[in-house]
Amino acid sequence: MLDIQLLRKDLPAVVAGLARRGVTFDEAAFRALEDERKGLQVRTEELQAKRNALSKQVGALKSKGEDATAVLAEVGGLGDEVKANETALAALQGRMEGFLRTIPNIPRAEVPAGKSADDNVEVRRWGEPRAFDFAPKDHVDVGAALGGLDFDTGAKLAGARFSVLRGGVARLHRALAQFMLDTHTREHGYTEVYVPYMVSGECADGVSSLAKFKDDLFKLEGRDLYLIPTAEYPVTNFVRDTLLEAKDLPLRFVCHSPCFRSEAGSYGKDTRGMIRQHQFDKVEILQVVHPERSAEAHEELTGHAETILKKLGLPFRTMVLCTGDIGFSSAKTYDLEVWLPGQDAYREISSCSNFEAFQARRMQARFKGGDKGKPEPVHTLNGSGLAVGRTLVAILENYQQADGSVSDSRGAGAVDGRRDAARQGVKSRLVVVRHGETEWNVAGRIQGHTDSPLTPSGRAQAEAIGERMAKESFERLVSSDLGRAWQTAEAIAKRTGHAIVANPRIRERHFGEGEGLTYEEVDARWPEAFSRTRETDPDYVIPGGESRRQLHERIRDEFESLAREAAGGCHAVVCHGGVLAILYRHIHGIPVGEARRIPIPNASYNALRHEGGRWIVEAWGDTAHLPAVGEALVEP
């Protein structure tokens, strides 16, 4: 729901924002409701003031022993009118809320303008579609030949748009869901939840407009209950009518559930196969965050969904939806579209949205302890991580063989999805640059100046690195964040002419709420956070952050992913020295619990080759920090 104060203070901005998504705001209806509200409020306040004055008069008359009957009668009459006005005002506020609940969210400024999916914009692409030496089939024919996809029995049981899975296909479907849950909980820091598959009308309307979209839902006859179209419906409502503490944010949940959709208005669309069904499984990832973090969290959440596709080796592209294609509640949405060779097209497999405060206002989900000094709405985000059935479809089509079987020709099980490039023995190369190698690095961190700009000497050093890297052949320049690493990347880009891509998953930020604080401030808030015990405990978590184990696993897996992306080529990566230390600990097999005993690397830049299951370190700078420069086996 939109902020009523925004409509009152800057109605033209709201009208213009909604017009971008092709929605005409009924200004006349809103102004009529507002005029009626103002009239009732003014009259009610006048009556209350008059009643208070008369009540004082009654007291004065009684103190003098005079008759106050007539004045008391007038006070009683005013009280009745005040109550009537208050009742009318409450009813009007209900009408106003009902009016607002049917109005969609305003797109963020960076959302591209457009009228339909044809106007969506590709942001990035990963993986190359496989070149088949035979005519690839679609998943229906592949699954039927395997005896694993049975649409006839599904129709016999429940009608059109239902299916039955059998044997190995059913096991693969189950394993995919487990693989997604394990990845999001172990690597991305989500808490797994199990929820009811039905929600009340109030819950449904908290997530989206029940009045507008109830025909898309399956309703239980005679009950105020709806089968969930996605786990977003129950999980988002965890925070309905809740006042959270700022220190408890962010909240991250992952949920595997069946999803039920009537697909009203989609008659004739995707009638063949599993692309559009009335019942399907999905793994949903959801975050509840501080408003200042929602844009960053959106990129992070989208990256989490992308990770699943990368681990499975499925080519995909990431699209930002235009103003005419985003959902009712969304302020910005990324769609991940996986390549389906049987259809010779990219098809949606995940939708990752930032709703900002829109859902929170509908649900009265707020937090306290923010900068405004009063409770304010949280921001909510969610995405598919992934749609299990569509992932199954993608695997059947991308990994089909000429003999009708389905297998990962690279020699690794697609469901396992671990370190594909290492098992392939495909050479890939990363040029890794440590940013901020200047005097502010230590002093600035201790003083809590996490946004310190790159010093002139640091920029000169980065440009010198760029000079040498200009002679290297690499496809992409990656920055670990939008702060100092980005500044270093900009200096390198100046010399190499490359565009920069941000990758927040390799940002060292396990301090959570402690990030940006001095060590003394962290110690005061969380006593013994930096004691010897805590420093060597890989599972210790400062509230709001990651454990050291989670941090290491996230960064390790992202470097493995970058190595897969760079198969046969080279990427340049700019990151913090602590990230390099984690990478080197991974390469040399140093236990996570030994984190505090390993010096932060001093090298300005290095080249890392990933070949035949091994990382090979080529140190271009100071190598004193490396216990053993050279080859090191990557553990599977």
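Residues numbered from 1 in each chain as written. Predicted model: local features only at pLDDT ≥ 70, side-chain atom pairs only at ≥ 80, totals over all residues. Heavy atoms only, no water.

### Overview of the overall build of the chain
Along the backbone of the chain there are 21 helices and 23 strands. When each of the 636 residues of the chain is scored for burial, the buried share is 52%. Looking at the chain as shown, the accessible area adds up to about 28300 Å², and 49% of this sits on carbon and sulfur atoms. (Helix = DSSP H or I, 4+ residues; strand = E, 2+ residues; numbered from the N terminus. Buried < 20%, exposed > 50% of the residue type's maximum accessible area, 1.4 Å probe, protein only. Areas by Shrake-Rupley, 256 points an atom, 1.4 Å probe, with all protein chains shown as cover.)

### A closer look at the packing of aromatic side chains
Enumeration over the complete set of coordinates arrives at 9 aromatic pairs. A centroid spacing of 5.8 Å and a plane angle of 70 degrees characterise the contact between phenylalanine 25 and phenylalanine 99, whose relative ring orientation is edge-to-face. Placement of phenylalanine 25 in the loop between helix 2 (11-20) and helix 3 (27-63) and of phenylalanine 99 in helix 4 (residues 69-100) is noted, with a sequence separation of 74 residues between them. Look at tryptophan 126 and phenylalanine 316: their rings are 5.9 Å apart centre to centre, the planes differ by 25 degrees, and that puts the pair in the stacked class. Residue tryptophan 126 is located in strand 1 (residues 121-126), and its partner phenylalanine 316 is located in strand 11 (residues 316-320); the two are separated by 190 residues in the primary sequence. Pairwise contacts between aromatic rings join Phe25, Phe30 and Phe99 into one cluster. (Phe/Tyr/Trp six-rings, centres within 6.5 Å; stacked < 30°, edge-to-face > 60°.)

### Quick notes on the sheet that holds strand 11
One open sheet accounts for 8 strands, arranged 1-11-12-13-16-10-9-4; its pairing is mixed. Sheet topology places strand 1 and strand 4 (191-193) at the edges, where each strand pairs with a single neighbour. The sheet shows a mean angle of 25 degrees between the axes of neighbouring strands, direction not considered. Here strand 13 (residues 345-356) pairs with strand 16 (residues 379-387) via 4 bridges, running antiparallel. Of the residues in strand 16, the one forming a bridge with glutamate 356 is threonine 380. Together, strand 1, strand 9 (251-260), strand 10 (279-289), strand 11, strand 12 (332-340), strand 13 and strand 16 form the strand contacts of helix 11 (residues 294-311), whose direction differs from that of strand 16 by roughly 5 degrees. The sheet strands contacting helix 13 (residues 388-398) are strand 10, strand 12, strand 13 and strand 16, and the helix crosses strand 16 at an angle near 35 degrees. (Pairing = 2+ DSSP bridges. Axes fitted to C-alpha atoms, helices over the stretch in contact; angles between N-to-C directions. Contact = heavy atoms within 4.5 Å.)

### Comments concerning the packing of helix 7 (residues 167-186) against helix 11
How two helices pack is summed up by the angle between their axes together with the distance between the axes. Closest axis-to-axis distance for the helix 7/helix 11 pair is 11 Å, and the angle between their directions is 130 degrees. Judged by the angle between their axes, helix 7 and helix 11 are oblique. The chirality of how helix 7 crosses helix 11 is right-handed. Residue-level contacts link Phe179, Met180, Thr183 and His184 of helix 7 to His304, Thr307, Ile308 and Lys311 of helix 11. Class assignment of the residues belonging to the contact of helix 7 with helix 11 gives a composition of 3 nonpolar, 4 polar and 1 charged. (Parallel < 35°, antiparallel > 145°, perpendicular 65-115°, else oblique. Left-handed = near helix turned anticlockwise from the far one by under 90°. Nonpolar A, V, L, I, M, F, W, Y, C, P; charged D, E, K, R; others polar.)

### Observations concerning helix 2
The set of residues buried in helix 2 consists of Leu11, Val14, Gly17 and Leu18. Viewed along the axis of helix 2, the buried residues span an arc of 125 degrees, placing them on a single side of the element. Downstream of helix 2 by one or two residues, glycine 22 has phi in the positive range, about 80 degrees. (Arc of directions from axis to C-beta.)

### Points about the pattern of salt bridges
Under the counting rule described, the total for this entry stands at 32 salt bridges. Arginine 95 is the salt-bridge partner of glutamate 36, the closest N and O atoms lying 3.3 Å from each other. On the criterion of sequence distance, the pair formed by glutamate 36 in helix 3 and arginine 95 in helix 4 is long-range, its members being 59 residues apart. The exposure class assigned to glutamate 36 is partly exposed, which follows from its relative accessible area of 34%. Between arginine 108 and glutamate 356 there is a salt bridge whose closest N-O contact spans 2.6 Å. One end of the pair, arginine 108, is in the loop between helix 4 and strand 1; the other, glutamate 356, is in strand 13, with 248 residues separating them in the sequence. Judged by relative accessible area, which is 22%, arginine 108 ranks as partly exposed. Several salt bridges converge on common partners, so that one network encompasses Arg252, Arg293, Glu296, Glu300 and Arg507. (Salt bridge = Lys/Arg side-chain N within 4 Å of Asp/Glu carboxyl O.)

### Comments concerning the state of the cysteines
Taken as a whole and assessed by the stated rule, the structure comprises 0 disulfides. With no disulfide of its own, cysteine 255 lies closest to cysteine 259 among cysteine sulfurs, the gap being 8.7 Å. (Disulfide = S-S within 2.5 Å.)

### What to know about the pairing of strand 13
With 9 of 12 residues buried, strand 13 is to be regarded as a mostly interior element. Inspection of the sheet shows strand 12 paired to strand 13 by 9 bridges, in the antiparallel sense. Along strand 13, the bridge assignment pairs leucine 336 with serine 350. The antiparallel hairpin formed by strand 12 and strand 13 contains 4 residues in its connecting segment, where aspartate 344 sits at a positive phi of about 55 degrees.

### A closer look at the environment of asparagine 85
Locating asparagine 85 in the fold gives a position in helix 4. Put simply, asparagine 85 and glutamate 45 are 40 residues apart on the chain and 9.9 Å apart in space, counted from C-alpha to C-alpha. Ignoring anything within four residues of it in the chain, the contact list for asparagine 85 reads Leu40, Arg43, Thr44 and Leu47.

### So, the sheet that holds strand 14 (residues 365-368)
Taken in spatial order, the 3 strands line up as 8-14-15 in an open sheet, and their pairing is mixed. Single-partner strands in this sheet number two, and they are strand 8 (242-245) and strand 15 (376-377). Sheet analysis places strand 14 next to strand 15, joined by 2 bridges and oriented antiparallel. Directly across from phenylalanine 367, in strand 15, lies its bridge partner glutamate 376.

### A few points about helix 20 (residues 548-565)
Its 18 residues give helix 20 an end-to-end C-alpha distance of 26 Å, which sits within 8% of 26 Å, the value for a rise of 1.5 Å per residue. The element helix 20 is extensively covered by neighbouring structure, given that 14 of its 18 residues are classed as buried. (Expected span 1.5 Å × (residues − 1).)

### Side note on the nonpolar core
Ranked by size, the top nonpolar core spans 39 residues in total, and within it Leu176, Met180, Leu309 and Leu314 carry the most contacts. Those elements that place two or more of their residues in this core are helix 7, strand 10, helix 11, strand 12, strand 13, strand 16 and helix 13. The greatest single-element share of this core, amounting to 7 residues, is contributed by helix 7. (Core = buried A, V, L, I, M, F, W, Y, C linked by side-chain atoms within 4.5 Å.)

### A few points about the pairing of strand 12
Among the 9 residues that make up strand 12, 9 are buried, leaving the element largely enclosed by the rest of the structure. Here strand 11 runs beside strand 12; their pairing, made up of 5 bridges, is antiparallel. When the sheet's bridge partners are listed, threonine 318 is paired in strand 12 with leucine 336.

### Things to note about the confidence of the model for the chain
Taken as a whole, the chain shows an average pLDDT of 81; of its residues, 84% reach a score of 70 or greater. Below a pLDDT of 50 lies the segment residues 409-426, which in the model reaches 45 contacts outside its immediate sequence neighbourhood of four places, other chains included. Every residue in residues 622-636 scores below 50 in pLDDT, and together they form 38 contacts with partners more than four places removed in sequence or on other chains. (pLDDT = per-residue confidence, 0-100.)

### What to know about the environment of valine 123
Along the polypeptide, valine 123 turns up in strand 1. Beyond its immediate sequence surroundings of up to four residues, valine 123 is in contact with Thr318, Met319, Val320 and Tyr334.

### Notes on the side chain of glutamine 277
Here glutamine 277 lies in the loop between strand 9 and strand 10. Contacts of glutamine 277, omitting those with residues within four sequence positions, involve Phe151, Arg161, Phe162, Ser163, Arg261 and Glu263.

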